[in-house]
Amino acid sequence: MSDRTDLVIVGAGILGLAVAREALLRDPGLTVRVVEREDRVGTHQTGHNSGVVHAGIYYAPGSLKARLCVEGARDLYAFCAQHDVPVERCGKVIVATSAEEIPGLDALEWRGRQNGVPGLRRLDRRELRELEPHAEGVAALHSPATGIVDFPAVARALAGEVIERGGRIALGCVVTGVDSRPDEVVLQTSAGEVVARHAVFCAGAWSDRLAIAAGAPADPRIVPFRGAYLRLRPERRDLVRSLIYPVPDPALPFLGVHLTKHIDGDVLVGPTALMVGARDAYRLRRVRPRDLAATLAWPGTFRMARRFWRTGLAEMGYAANRAAFVRAAQRYVPELEPEDVLPGPSGVRAQALGRDGKLVDDFVISHTGRALHVRNAPSPAATSSLAIARLIADRAQEAFGLRARTDNDRREAAHGAA
Ligand SMILES: Cc1cc2nc3c(=O)[nH]c(=O)nc-3n(C[C@H](O)[C@H](O)[C@H](O)COP(=O)(O)OP(=O)(O)OC[C@H]3O[C@@H](n4cnc5c(N)ncnc54)[C@H](O)[C@@H]3O)c2cc1C
């Protein structure tokens, strides 16, 4: 039996849920259905990340990331206050450990100021020590607006609001095929067909497959990068007061191994960034032949590997050797020892990789017929989710004049379904 709706959203991660809420806020008459393969919301990236509300420092001025992170962080703090979601504006420091890293720190400060990040302040060694007594560096950048949050709790609060506003969320429902017709989008799912006037795909690690099924180009491809964390022993948590980050490699879209206090009091060290053989490789050894084949067959993979083989080797070293992993953080917290850490959780980044071998840096939203596709939404997309949702709703209005059905549409739909 087919189920008809104005708007179907694939994926109940933080983005899909934020888009569903935004659509219902704009048009309470819209029928909205979210379809999610797992039996909980926020299972994948939304539930496996650093839990940091980024302030918008790192991103190229004028990029979507820059604009939507600054706006999204502001909106997220307000949303958490309204919905009693645990959040703390604890601030963060980015530490330059040597004079060679100062130009990198300068570049970050310049970007942060261009992007309108509030409260940025340059610190000398003594001021860094006042904020983070165990951190060591020649200079640092302090961002008081950066915070920590429970992103799965944000996803649950969004889901609650979607349901309250009349939306429906189908859990345990896998989309297996997409049929893009001139007047509707038909999804084949494990629970039957869903027929929608419009669709928004927010499928994270699986977004390229669904986009291609809907008629979009193969470029870019999602390549999974596993991020592993270590956890500080509870008695060593006092090594870190808030968040301590290195100056990242500007050639990579990852921020480097950092020390992150979590909203539940835990302190994590990580994440690493290792290309893996499954889009859900929460265990390092998990390999899914289809995922691995898709990565290996993609021309961009080898082009990227040629460029970043040294980084790849270092990442393999972190995976194989805990002491090497700890050393990455020891550079700026020298007291940290391998005995201070325990194994921690992991996440898998859905990172888009172009055919040309370039890791796609900015958020990418593309369009086919009656659907929009989020094709690259890595960090800071959780922070930016409410602002990305507004952008998607604007694009949906531009692209296909998204609106609720009129009585006439409803009569026709009822007639068609009979
Ligand atoms: C290690 C790591 C650290 C990070 N740290 C941060 C951070 O500190 N701050 C920050 O802002 N961001 C961070 N991020 C990024 C952030 O987690 C993601 O950008 C964000 O969660 C993306 O949300 P999403 O809804 O697009 O994806 P997801 O949460 O992955 O949701 C996609 C959903 O689509 C569903 N789906 C896929 N295919 C189908 C199908 N065929 N049928 C039905 N459902 C389907 C999946 O089951 C999933 O629930 C981090 C990410 C990782 C991995």
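Cut-offs applied
- Residues numbered from 1 in each chain as written.
- Predicted model: local features only at pLDDT ≥ 70, side-chain atom pairs only at ≥ 80, totals over all residues.
- Heavy atoms only, no water.
- Helix = DSSP H or I, 4+ residues; strand = E, 2+ residues; numbered from the N terminus.
- Buried < 20%, exposed > 50% of the residue type's maximum accessible area, 1.4 Å probe, protein only.
- Contact = heavy atoms within 4.5 Å.
- Areas by Shrake-Rupley, 256 points an atom, 1.4 Å probe, with all protein chains shown as cover.
- Lys, Arg positive; Asp, Glu negative; His and termini not counted.
- Charge placed at Lys NZ, Arg CZ, Asp CG, Glu CD.
- Near = heavy atom within 4 Å.
- Polar contact = N/O pair within 3.5 Å; in protein donor to acceptor, adjacent residues only side chain to side chain.
- Nonpolar A, V, L, I, M, F, W, Y, C, P; charged D, E, K, R; others polar.
- Pairing = 2+ DSSP bridges.
- Phe/Tyr/Trp six-rings, centres within 6.5 Å; stacked < 30°, edge-to-face > 60°.
- Patch = residues over 30% accessible without salt bridge, like charges linked within 9 Å, V, L, I, M, F, W, Y side chains within 5 Å.
- Salt bridge = Lys/Arg side-chain N within 4 Å of Asp/Glu carboxyl O.
- Core = buried A, V, L, I, M, F, W, Y, C linked by side-chain atoms within 4.5 Å.

Undergrad: How should the overall build of the protein chain be read in this particular structure?
TA: Along the backbone of the protein chain there are eleven helices and 20 strands. Reported as C-alpha extents along the three principal axes, the dimensions of the protein chain are approximately 70 × 45 × 35 Å. Residues counted as buried form 56% of the 418 residues belonging to the protein chain. Expressed as a percentage of contacts within the protein chain between residues at least 6 apart in sequence, the contacts between residues at least 24 apart total 74%. Working note: accessible area of the protein chain is about 17500 Å², and carbon and sulfur atoms make up 52% of it. Charge-centre separation for the protein chain: the mean point of 56 positive side chains lies 4 Å from the mean point of 49 negative side chains.

Undergrad: What exactly am I supposed to notice about the site of the ligand here?
TA: In the vicinity of the ligand there are 37 residues, among which E36, T46, V52, A377 and T383 approach most closely. R37 is positioned such that a nitrogen or oxygen atom in its backbone is 3.1 Å from a nitrogen atom of the ligand. Within the backbone of A382, one N or O atom sits 3.4 Å away from an oxygen atom of the ligand. Alone, the ligand offers 1000 Å² of accessible surface; in the complex the protein occludes 98% of this. Looking at the shell around the ligand, the elements with two or more residues in it are α1 (14-26) and β18 (341-353). In terms of residue class, the shell around the ligand is built from 20 nonpolar, 13 polar and four charged.

Undergrad: Is there a simple way to explain the pairing of strand β2 (residues 32-35) in this structure?
TA: For a regular strand, the rule is simple: side chains alternate between the two faces of the sheet. Neither face of β2 is left uncovered, since the one carrying V32 and V34 and the one carrying R33 and V35 both have all their residues buried. Taken together, the four bridges between strand β1 (residues 3-10) and β2 define a ladder with parallel strand orientation. Within β2, the residue paired with V10 across the bridge is V35. Across three bridges, the pairing between β2 and strand β9 (residues 168-170) is parallel. Of the residues in β9, the one forming a bridge with V35 is A170.

Undergrad: Would you mind going over the sheet that holds strand β3 (residues 52-53) with me for this structure?
TA: Two orientations exist for strands paired in a sheet by backbone hydrogen bonds: parallel and antiparallel. Pairing is antiparallel across the open sheet formed by three strands, whose spatial order is β3-β8-β4. In the strand order of this sheet, the two ends are held by β3 and β4 (87-88), each with one partner. Pairing analysis gives two bridges linking β3 to strand β8 (residues 147-149), with the strands arranged antiparallel. What sits directly across from V53, in β8, is G147.

Undergrad: Any chance you could explain the side chain of T5 here in plain terms?
TA: By the element assignment, T5 lies in strand β1. From its side chain, T5 meets the backbone oxygen of T31 in a polar contact 2.9 Å long.

Undergrad: Can you help me understand the packing of aromatic side chains in this one?
TA: On inspection of all chains with the given rule, the structure shows two aromatic pairs. Aromatic side chains Y58 and Y59 sit 6.0 Å apart centroid to centroid with 55° between the ring planes, which places their arrangement in the tilted category. With relative accessibility at 7%, the residue Y58 sits in the buried group. Among the residues examined, Y59 registers a relative accessible area of 7% and is labelled buried.

Undergrad: In this structure, what is going on with a nonpolar patch on the surface? I would like to understand it.
TA: A surface patch of nonpolar side chains, amounting to about 360 Å² of accessible area, comprises V287, L292, L296 and F302. Take F302: it is sitting in helix α8 (residues 299-320).

Undergrad: What is the right way to read the nonpolar core from this model?
TA: Side chains of a nonpolar character, in soluble globular proteins, are inclined to be buried together. Formed by 51 residues in total, the largest nonpolar core has its most connected members in I9 and V154. Contributions of two or more residues to this core are made by β1, α1, β2, α2 (64-83), α5 (151-164), β20 (371-376) and α10 (385-400). When near neighbours in sequence (up to four residues on either side) are disregarded, I9 contacts G16, V19, A20, V32, R33, V34, V35, V200 and C202.

Undergrad: Which parts of the structure should I look at to understand the pattern of salt bridges?
TA: Pairs can form between side chains of opposite charge once their charged atoms are near each other. Scanning the entire structure with this criterion turns up 31 salt bridges. Across the salt bridge formed by D208 and R221, the nearest N and O atoms sit 3.8 Å from each other. Of this pair, D208 sits in helix α6 (residues 207-213) while R221 sits in strand β13 (residues 221-232), placing them 13 residues apart in sequence. We classify D208 as buried; its relative accessible area is 2%. We classify R221 as buried; its relative accessible area is 15%. Measuring nitrogen to oxygen at the nearest pair gives 3.1 Å for the salt bridge that ties R236 to D340. You can see R236 sitting in the loop between β13 and β14 (243-246) and its partner D340 sitting in the loop between α9 (322-330) and β18, a full 104 residues away along the chain. On the basis of relative accessible area, D340 is assigned to the buried category, the value being 8%. It is possible to trace a salt-bridge network through shared partners that takes in D208, R209, R221, R279 and D291.

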